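# Coordinate analysis (summary)
Here is how the chains run, residue by residue.
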Amino acid sequence: MLLINDDSGRFVKKSKSKNLQRIWKPLDLLEDQNVFSSVLQFCGCCWTSLRAVSKRFKDSVDSFLRLLVVRPGASKKMVLVLVGHAPKLSTIVLDGVDAVDNEVLHHIITKCNHLTYLSVAYCQNFDASVFRVKPNKLKVNIHGCWKLLSPHPMMSPITVIENQLLAFKATANVTSCAEGLEKALSYMSPSRKSQLEGLFSPVLQNRFQPLTSYKSFFMRKLDLTSRLVPGAGAAFLVSVDCGERVHDFLWLLSFERSIESLRGCWLTDLIYPIERPPVSVQEVAPL
């Protein structure tokens, strides 16, 4: 069986054995699920290729779209256009898209009636008020949205550190400096917060400056809590890459048990910068 796109924009199905052919118009193709599946394979499952056949075919293809994943660099206009083309979307992923704001989310929540899952992980340009119109069936992923998150018993130590790092980085921006610092300190243990406020406020000291200017970070769990701080629940080596140099920090966390509002939450007890020993020429010279 062969599928051929002729000059008129129609797909022709030819059978070698019977030397017969049948011609479908674009909309007829969509009504036959088996044929439509073949067309998807023929076009390399490319949505843009199918939409280019004709305007009517474009509208029909859009109606079949259920999942939309938008790249981080997309503009606000592009997000709205993409969402507007597919009225039956059930899943939209906008992770890391800076263009996502209250207007974009309000449009998605109110216009996409079939939407059941929306991911806006690491998006920072909206607030919680936009979710007042969210239907109960819609599940929203706000992982990494540090402005909306606060200490919670379901939050793991790794997530606590990640939210603090994101908040610390926001202090490099004048408009979000105070908010970022306040959020980062909200994850500190109450018994240690008074000591740490002087260390981090109003601007991080030089040894902690890499926490505001890193490009990426990674963590490694350490099995040193019993020797360093008796009773501490978790210890991590956090490395932040600032481009020219990687800086290490020791992060100690414990389970809060005394304060009712924070009971059961992982909170940070200590953030300590670790100086890497300088590497001499002899150490890196080939044997």
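Keep in mind that what you see is a predicted model, and the values were worked out from it rather than measured.

This part covers the overall build of the chain. Secondary structure assignment for the chain yields 12 helices and 11 strands. Looking at the 287 residues of the chain, the share that counts as buried comes to 41%. Contacts in the chain between residues far apart in sequence, at least 24 positions, make up 48% of those at least 6 positions apart. As displayed, the chain offers around 16,700 Å² of accessible surface, 54% of which is attributable to carbon and sulfur atoms.

If you walk through the whole model with that rule in mind, you get four salt bridges. The shortest N-O distance in the salt bridge between R245 and E275 comes to 3.2 Å. Of this pair, R245 sits in the loop between β9 (234-241) and β10 (246-255) while E275 sits in the loop between β11 (266-274) and α12 (281-284); the two residues are 30 residues apart in sequence, bridging distant segments of the chain. We classify E275 as exposed; its relative accessible area is 57%. The partner of R263 in a salt bridge is E260, with the nearest N and O atoms 3.1 Å apart. With a relative accessible area of 44%, R263 lands in the partly exposed category. Through salt bridges with shared partners, one network takes in K76, D101 and E103.

Attention now goes to the pairing of β9. Among the eight residues in β9, seven count as buried, and that is most of the element. Across seven bridges, the pairing between strand β8 (residues 216-222) and β9 is antiparallel. Across the sheet, residue L222 finds its bridge partner in β9, namely A235. Here β9 pairs with β10 via eight bridges, running antiparallel. Within β10, the residue paired with A235 across the bridge is L252.

On to the confidence of the model for the chain. On average, residues of the chain score 76 in pLDDT, and 66% of them are at 70 or above. Ranking the elements of the chain by mean pLDDT puts strand β1 (residues 2-5) last with 40 and strand β6 (residues 117-119) first with 96. In the predicted structure, residues 279-287 sits below a pLDDT of 50 and forms two contacts with residues beyond four places in sequence or in another chain.

Attention shifts here to the packing of aromatic side chains. Working definition: an aromatic ring pair is given by the centre-to-centre distance plus the angle between the planes. Within the structure shown, the criterion is met by four aromatic pairs. A centroid spacing of 5.6 Å and a plane angle of 85 degrees characterise the contact between Y214 and F217, whose relative ring orientation is edge-to-face. For Y214, a relative accessible area of 3% puts it in the buried group. For F217, a relative accessible area of 24% corresponds to the partly exposed category. The ring of Y214 carries the charged tip of K169 above its face, separated from the ring centre by 4.8 Å.

Here we take up the nonpolar core. Within the largest apolar cluster, 28 residues are counted, with the highest numbers of intra-cluster contacts made by I92, L94, I108, L118 and F126. Mapped by element, the contributors of at least two residues to this core are α5 (76-85) and α6 (102-111). In terms of residue count, α6 provides more of this core than any other element does, four residues in total. What F126 contacts, discounting residues up to four positions off in sequence, is V100, D101, N102, L105, V120, F131, C145 and L148. Membership of the second largest hydrophobic core comes to 27 residues, among which are L149, V160, L166 and L253.

As a further point, take the sheet that holds β10. With antiparallel pairing, four strands are arranged side by side in an open sheet as β8-β9-β10-β11. Pairing within the sheet leaves two strands with one partner each, and these edge strands are β8 and β11. Averaged over all neighbouring strand pairs, the angle between strand axes comes to 25 degrees, with direction disregarded. Sheet topology places β10 next to β11; eight bridges connect them, and they run antiparallel. By the bridge assignment for β11, L250 is matched with Y272.

So, on to the environment of E162. Structurally, the position occupied by E162 is in helix α7 (residues 157-170). Among the residues examined, E162 registers a relative accessible area of 10% and is labelled buried. As for E162 and G144, which are separated by 18 residues in sequence, their C-alpha atoms are 7.5 Å apart. Excluding its chain neighbours within four sequence positions, the residues that come into contact with E162 are Y122, H143, F217 and M219.

Below, the discussion takes up the environment of P273. Take P273: it is sitting in strand β11. Classification of P273 by relative accessible area gives buried; the value is 7%. Along the chain, P273 and D248 lie 25 residues apart, while their C-alpha atoms are 6.0 Å from each other. Contact partners of P273, with chain neighbours within four places excluded, come to R207, F208, D248 and F249.

Scoring rules and cut-offs
- Residues numbered from 1 in each chain as written.
- Predicted model: local features only at pLDDT ≥ 70, side-chain atom pairs only at ≥ 80, totals over all residues.
- Heavy atoms only, no water.
- Helix = DSSP H or I, 4+ residues; strand = E, 2+ residues; numbered from the N terminus.
- Buried < 20%, exposed > 50% of the residue type's maximum accessible area, 1.4 Å probe, protein only.
- Contact = heavy atoms within 4.5 Å.
- Areas by Shrake-Rupley, 256 points an atom, 1.4 Å probe, with all protein chains shown as cover.
- Salt bridge = Lys/Arg side-chain N within 4 Å of Asp/Glu carboxyl O.
- Pairing = 2+ DSSP bridges.
- pLDDT = per-residue confidence, 0-100.
- Phe/Tyr/Trp six-rings, centres within 6.5 Å; stacked < 30°, edge-to-face > 60°.
- Lys NZ or Arg CZ within 6 Å of the ring centre and 35° of its normal.
- Core = buried A, V, L, I, M, F, W, Y, C linked by side-chain atoms within 4.5 Å.
- Axes fitted to C-alpha atoms, helices over the stretch in contact; angles between N-to-C directions.

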